[in-house]
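Overview (structure and organization)
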Amino acid sequence: ATLSTWLAGSSTAQIHPANKRPPYLVEVVVSAVDQSIATGDVAEVIQVPAESIVLFAGCEVLTVSNKVCTADLGYGGDADEWINDQDMATAAHGTIITSGTTAYVPVMMTTADTIDLTFTVTSGPMTVGIFRVYALIQDISGVRETSAVA
């Protein structure tokens, strides 16, 4: 049998491209100037809604750390999904940090979560260091979801 229920003109027609949701970029600047950062501090930087895919995420160094420091970028399911033990004291201004190919593996968020930047500072609290965290996110929740099956 040919099922044409999903073709244009039917009651469950595909969504017109004008109604689709494009991926969107979210960015947050984390500054040790505004709040000193110590080992184990976790900056919850980007909220990711449920039923979203994080297409990629990373970090840009705007001001180099004044302390020996590494950082991880991840979420509740994997604290270092996108960045693992990145040296934030020697990366030059403007350096875009990702973890190679791992940075481009989409991550499905079935429940709401946050993207977190976790620090390890080995020589006292960091008081200088500014980092831009970014993520490209796609909302995949249903546009016309219904529990009824035709």
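Now for a look at the structure at hand. Keep in mind the model is a prediction, meaning the values are calculated, not measured.

Quick word on the overall build of the chain
Helix and strand counts for the chain come out as zero helices and nine strands. Each helix and strand of the chain, ordered N terminal to C terminal, gives the series β-β-β-β-β-β-β-β-β. Taking all 150 residues of the chain together, 32% fall into the buried category. Put simply, of all contacts in the chain between residues at least 6 apart along the chain, 80% involve residues at least 24 apart. With the model as given, the accessible surface of the chain reaches about 8,500 Å², and the carbon-plus-sulfur share is 56%.

Focus: the state of the cysteines
Counted by the stated rule, this structure contains zero disulfides. Counting only cysteine sulfurs, Cys 69 is the nearest neighbor of Cys 59, a cysteine outside any disulfide, at a range of 10.0 Å. Judged by relative accessible area, Cys 59 falls into the buried class, the value being 0%. Given a relative accessible area of 1%, Cys 69 falls into the buried group.

With respect to the pairing of strand β3 (residues 52–63)
As defined by bridge partners, β3 adjoins strand β7 (residues 107–109) across three bridges and the pair is classed as antiparallel. The residue bridging Ile 53 from the neighbouring strand is Met 108, located in β7. Bridging between β3 and strand β9 (residues 130–139) involves ten bridges; their strand directions are antiparallel. Directly across from Val 54, in β9, lies its bridge partner Ile 137. By the bridge criterion, two bridges tie β3 to strand β6 (residues 96–97) in an arrangement that is antiparallel. Within β6, the residue paired with Cys 59 across the bridge is Ile 97.

Describing the pairing of β9
For β9, the buried fraction is high: seven of the ten residues fall into the buried class. As paired elements, strand β1 (residues 24–31) and β9 share eight bridges and run antiparallel to each other. Bridge pairing in β9 places Val 30 opposite Phe 131.

Some points on the nonpolar core
Ranked by internal contacts, the top residues of the largest apolar core, which has 31 residues, are Val 54, Trp 82, Ile 115 and Phe 119. With near-sequence residues (within four places) excluded, Val 54 lies in contact with Val 48, Trp 82, Val 105, Pro 106, Val 107, Met 109, Ile 115, Ala 135, Leu 136 and Ile 137.

Notes on the packing of aromatic side chains
Summed over all chains, the structure comprises three aromatic pairs. Their ring planes at 45 degrees and their centres at 5.8 Å tell us that Tyr 75 and Trp 82 sit as a pair that is tilted. Accessibility assignment for this pair places Tyr 75 and Trp 82 in one class, buried.

Here we look at unusual backbone geometry
Here the phi dihedral of Glu 51 falls at roughly 60 degrees; this positive angle occurs in a residue that is not glycine. Here Glu 51 is to be found in the loop between β2 (42–48) and β3. A positive phi is found at Asp 85, a non-glycine position, where the angle reads about 55 degrees. Along the chain, the position of Asp 85 falls in strand β5 (residues 78–87).

Conventions and cut-offs
Residues numbered from 1 in each chain as written. Predicted model: local features only at pLDDT ≥ 70, side-chain atom pairs only at ≥ 80, totals over all residues. Heavy atoms only, no water. Helix = DSSP H or I, 4+ residues; strand = E, 2+ residues; numbered from the N terminus. Buried < 20%, exposed > 50% of the residue type's maximum accessible area, 1.4 Å probe, protein only. Contact = heavy atoms within 4.5 Å. Areas by Shrake-Rupley, 256 points an atom, 1.4 Å probe, with all protein chains shown as cover. Disulfide = S-S within 2.5 Å. Pairing = 2+ DSSP bridges. Core = buried A, V, L, I, M, F, W, Y, C linked by side-chain atoms within 4.5 Å. Phe/Tyr/Trp six-rings, centres within 6.5 Å; stacked < 30°, edge-to-face > 60°.

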